[in-house]
Every structure is written in structure tokens, then in C-alpha cells.
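Take a look at the letters that make up each chain.
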Amino acid sequence: MSATTLKTAMEFARSAEAPIPTGVQLTPFNGTFLNDPYHVLKRLRDAEPIHRDNALSRWFVTGFDNVREVLRNKDLSNDINRAFSDSYSGRIASNAKESGMSITINSILFMDDPAHRRLRSLVGKAFTPKAVEELRPRIRENAAELLDTITDARFDAVASFAAPLPVVIISEMLGIEREHRATFKKWSEDITAGIFNPLKLAEQSARGACAERALAQYLGAVIETRRQRPGTDLISTMIAANEGQERLTDSEIISQCSLILVAGNVTTSDLIANGIKALLQHPDQLAALRAMPELIVNAVEEVLRYDSSVIQANRVVPADTVVSGCPMRKGESITVSLASANRDPSANPEPDRFDIRRTDIRHQSFGGNKHLCLGAHLARVETQEAIFALTRRFPSLCLVEQEFDYRPVPGFRALKQLWVSRE
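In this report, we go over the structure that sits alongside the text. (Residues numbered from 1 in each chain as written. Predicted model: local features only at pLDDT ≥ 70, side-chain atom pairs only at ≥ 80, totals over all residues. Heavy atoms only, no water.)

## A closer look at helix H9 (residues 164–174)
Most of H9 sits inside the fold, with ten of its eleven residues counted as buried. Looking only at H9, the buried set comprises Pro-164, Leu-165, Pro-166, Val-167, Val-168, Ile-169, Ile-170, Ser-171, Met-173 and Leu-174. Phi turns positive, to about 75°, at Gly-175, one or two residues after H9. (Buried < 20%, exposed > 50% of the residue type's maximum accessible area, 1.4 Å probe, protein only. Helix = DSSP H or I, 4+ residues; strand = E, 2+ residues; numbered from the N terminus.)

## Overview of the packing of aromatic side chains
The geometry of an aromatic ring pair comes down to the distance between the two centres and the angle between the two planes. According to the stated counting rule, one finds five aromatic pairs in the structure shown. Ring centres 5.7 Å apart and planes at 55° place the aromatic pair Phe-155 and Phe-394 in the tilted group. One end of the pair, Phe-155, is in strand E3 (residues 154–156); the other, Phe-394, is in the loop between helix H17 (376–393) and strand E8 (398–399), with 239 residues separating them in the sequence. The exposure classification of Phe-155 matches that of Phe-394, with both residues buried. Here the aromatic rings of Phe-184 and Tyr-218 are separated by 5.5 Å at their centres, their planes lie at 80°, and the arrangement is edge-to-face. Taken together, the positions of Phe-184 in helix H10 (residues 181–195) and Tyr-218 in helix H11 (residues 202–228) put the pair 34 residues apart, joining distant regions of the chain. By relative accessible area, which is 1% here, Phe-184 ends up buried. Here the aromatic residues Phe-184, Trp-187 and Tyr-218 are joined through ring pairs into a cluster of three or more. Here the basic side chain of Arg-343 rests over the ring of Tyr-306, its NZ or CZ set 4.2 Å away from the ring centre. Lying across the ring of Tyr-406, Arg-413 places its NZ or CZ 3.9 Å from the centre. (Phe/Tyr/Trp six-rings, centres within 6.5 Å; stacked < 30°, edge-to-face > 60°. Lys NZ or Arg CZ within 6 Å of the ring centre and 35° of its normal.)

## Section: the sheet that holds E8
Read across the sheet, three strands follow the order E3-E9-E8 without closing on themselves; strand pairing throughout is antiparallel. Every interior strand has two partners, whereas the edge strands, E3 and E8, have only one. Both E3 and strand E9 (residues 419–421) contribute to a ladder of three bridges, which runs antiparallel. When the bridges of E9 are listed, Arg-154 appears paired with Ser-421. (Pairing = 2+ DSSP bridges.)

## A short note on the sheet that holds strand E2 (residues 58–61)
Across the sheet, which stays open at both edges, the four strands sit in the order E1-E2-E7-E4 with mixed pairing between neighbours. A strand with exactly one partner marks an edge of an open sheet, and here the two such strands are strand E1 (50–53) and strand E4 (312–316). For this sheet, the mean angle separating the axes of adjacent strands, direction not counted, is 25°. Where E2 meets strand E7 (residues 333–337), three bridges bridge the pair, whose relative direction is parallel. (Axes fitted to C-alpha atoms, helices over the stretch in contact; angles between N-to-C directions.)

## Overview of the nonpolar core
Ranked by internal contacts, the top residues of the largest apolar core, which has 101 residues, are Phe-161, Phe-184, Ile-235 and Leu-418. Element by element, the count of residues in this core is highest for helix H13 (residues 250–281), at 14 residues. Ranked by size, the runner-up nonpolar core spans 18 residues in total, among them Val-67, Leu-71, Val-323 and Cys-326. (Core = buried A, V, L, I, M, F, W, Y, C linked by side-chain atoms within 4.5 Å.)

## Some points on unusual backbone geometry
A cis amide bond links Asp-113 with the next residue in sequence, Pro-114, at an omega value of 10°. Of note in this structure, Ser-57 is not a glycine but carries a positive phi near 50°. Mapped onto the elements of the fold, Ser-57 is located in the loop between E1 and E2. Residue Ser-57 is classed as buried on the basis of its relative accessible area of 14%. Backbone geometry places Asn-369, a non-glycine residue, at a positive phi of 60°. With respect to the helices and strands, the residue Asn-369 is situated in the loop between helix H16 (338–342) and H17.

## Some thoughts on the packing of H10 against H13
Interaxial distance between H10 and H13 falls to 9 Å at its minimum, and their mutual angle equals 90°. Relative to H13, the element H10 is oriented roughly perpendicular. The residues of H13 that touch H10, namely those facing Phe-184, Lys-185, Ser-188, Glu-189, Ile-191 and Thr-192, are Ser-258, Leu-261, Val-262, Asn-265, Val-266 and Ser-269. Looking at side-chain class alone, the contact of H10 with H13 contains five nonpolar, five polar and two charged residues. (Parallel < 35°, antiparallel > 145°, perpendicular 65-115°, else oblique. Contact = heavy atoms within 4.5 Å. Nonpolar A, V, L, I, M, F, W, Y, C, P; charged D, E, K, R; others polar.)

## Brief notes about the side chain of Arg-45
Looking at where Arg-45 falls in the secondary structure, it is placed in helix H3 (residues 37–47). No salt bridge is formed by the buried Arg-45; the nearest opposite charge belongs to Asp-344, separated by 4.2 Å. Within polar-contact distance, the side chain of Arg-45 engages the side chain of Ser-340 at 3.1 Å. Look past the residues within four positions of Arg-45 in its chain and what remains in contact with it is Thr-62, Gly-63, Ser-340, Arg-343, Asp-344 and Pro-345. (Lys, Arg positive; Asp, Glu negative; His and termini not counted. Salt bridge = Lys/Arg side-chain N within 4 Å of Asp/Glu carboxyl O. Polar contact = N/O pair within 3.5 Å; in protein donor to acceptor, adjacent residues only side chain to side chain.)

Below, the structure written as C-alpha cells:
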């Protein structure tokens, strides 16, 4: 048998033993994917960078260049209502409608231009790099105040620190009272689990719908109060825009606030937790950060690449086209795996190595083009300040457990708990 024939036979044998992952295997409802999506995604990326996932009726894109091409394609749509009803994105839309979760899917996250451009311009001023940098001192103060409350030798870094910090920041931006912050956090988690749910899990959908109704009722009352007594918060700013040449309805304000709460709360909490975990699992990198605090900016970019909190995004094909050489039909759904793209060795050499000194970090964790994450800079600054504060306050910080539980929410990488010791 020739060397070429032998190699082909071995490759065939391997493929027979390990078929290409597809369908639920590419979601956190599969235990293997939930615990370590990167190994699963590597298998698929190596075999089919653009995979037709018939089980969930979508294209699943894993290669870095292919993901970037999809994210930069201005002709693709974010409007999940334009997708085939039985496609991945179509199921998200129909499930949201059937369960009564219409508020979040009417936000700019699922809009195309010109509506997307209009609303983003009205909300986006609060999230510019300049505006966020002005918040940095207050973010630092909030981080220190939270750390002051941690007195136990062992504590859950998620519940005690990573989870409450972003909700404090977003609540202050929106002008929400302190006593409602814990409720806001719970609402945002339930909405996230319910809205990004293509498999129509009834319990998640019901909780998400209940949370969305409660949030809408609460925000409606806040809007009415701010209209009578305006402040300097973001809700007051949106109301003021409603009275000018550009007009926002109360429903639009509620939808945008809901998105800001979900996107600026859950995802940043998870990013902070993932960053803490990565550093504690790599003591040499944590030591380097402590020795050179200026590495914190690059460290957070490496966390975004290595283990981001948002691991996929979706697009809809609005007209028959060809994407990365693959003919696609109008109404089809595309899922781009941000996690896979970030671990593609063609973009980042030795992608499974966590290195806060890594140069030319290339990640897709905030999406791209006109749908680049509105709160990208806020997430960066919060994570920088959070990780820096925690690791400086507790110089002996270490992991208590080496096994981790994640919340099974499609599109997200979210630790349930992260038990650490400060002694």
C-alpha cells in the first residue's frame, strides 16, 4: 500500500470514528460542547469551515476569514423575521413571538438600516470611547466597593463580584435605583436564556416572557417619571430625543433599554468571570500581569479571543446569493462561530495557548461592520477595571475547584459559579 493510500485510509477511519459534529452537538444543550466548545469547533473547522447544519436548518461558519466575511457583508440581514420559519433564526423569532417576547427582538440587535442606523445614532453617544472613559473612575470606585464586601476566605467570584459589577454600572447609566439592581440582573438572565432559544424550551421561554413583561412595566413607569423630572441618565436622554426632530416612541425606548440591560449586563459579567478563570488557570500569566499592570489592556483582548462570553452571531440571507463560495437561498439562516474564529490558527498562532503578551491579537468577539457591538468599549473598560482590582486586592487568589458548570444558553459562554480562595 502506498503512503498516499495509507494516509487516505487513516483519514477515512478517523472520520468514521468521529463524524462531523452537527445539530444539537453544536449547542450547549450537548454536554461535550457545553463544557468545551473549542475542541468540537476545531473538529468542524478542520473538516468543513462552512458547514450545512441540516438538523437545525442553518449554515454554520467556523473559519476566521469566512466569519469575518459574513460579519462584514453589508447585504446580509440581522432581522430574524426575514428567516425561514423552520430555520435556526426563524425559530428564535417564532419562539419569541409565541411566548410573548417581542420587546427584545424589536431592538437594534435585530434591525437593519435605516431603522438600525437611526436608533443606534440616538443611543450610541453614551457608549463612545470618550464617554466610557469618563465613566472609568466611577467603575473603579464600584469595583473597590464590591471588593470591600468580600470578607470570606473562599467566595464565589461570579455571585460576589463579576455578576453585580456590570449591573451597577448599567443601572447608574439608566438611572435605576439601587434596590432594583438584583431584580434587573435576574430579568436580564431570564430574557437572555429565553430569547436566544431556537429549540423552544418551554420553561426558558416562559421565564423570559415573564421577565420581559415585568421589565417593560417597570421601564414604562420610569419613563413617565423621567418625563416629568428629567435627569442626566440615558433614559432621560432618549426621552429628550423623543421631543426633538428625531423621535423615539416609548416602545422604542423600552426595547433599547431592554437590550442595553441584557447586552451590557449578562455578557460583561460572563466576560469578567471567564477572564478571572483564565488567569487563575495560568499562574504564569497572572504573575506577569501583577508584575506589569500595564498588560491589563492586552490581557482583556486575549480573554476576548481565548474565552469570550459571546461565542456566536446570526445573520439571515435576504436574497439568493453566494457567501464564501457557497450558494445560499433567500431566508436561510447563518450562524458564525466567533469562538471558532478566535481559535483559528490561521489568524492566531498556537490558538489554544493563553498569552497576555500575545501580539497582533485577532478576534471577532464584538462582531463587525455596522453591527459592531455598541457597548464594546464599555465591556472592555469594565473588564479591565474588574480584573485589575480583584487581582491586586487579593494577591494570593487561587481557584478552589477545577471543574466548572456553565449555563446552557445558545450563543453564550457563561459560568454559573467560580469558587476562589483569597488566602
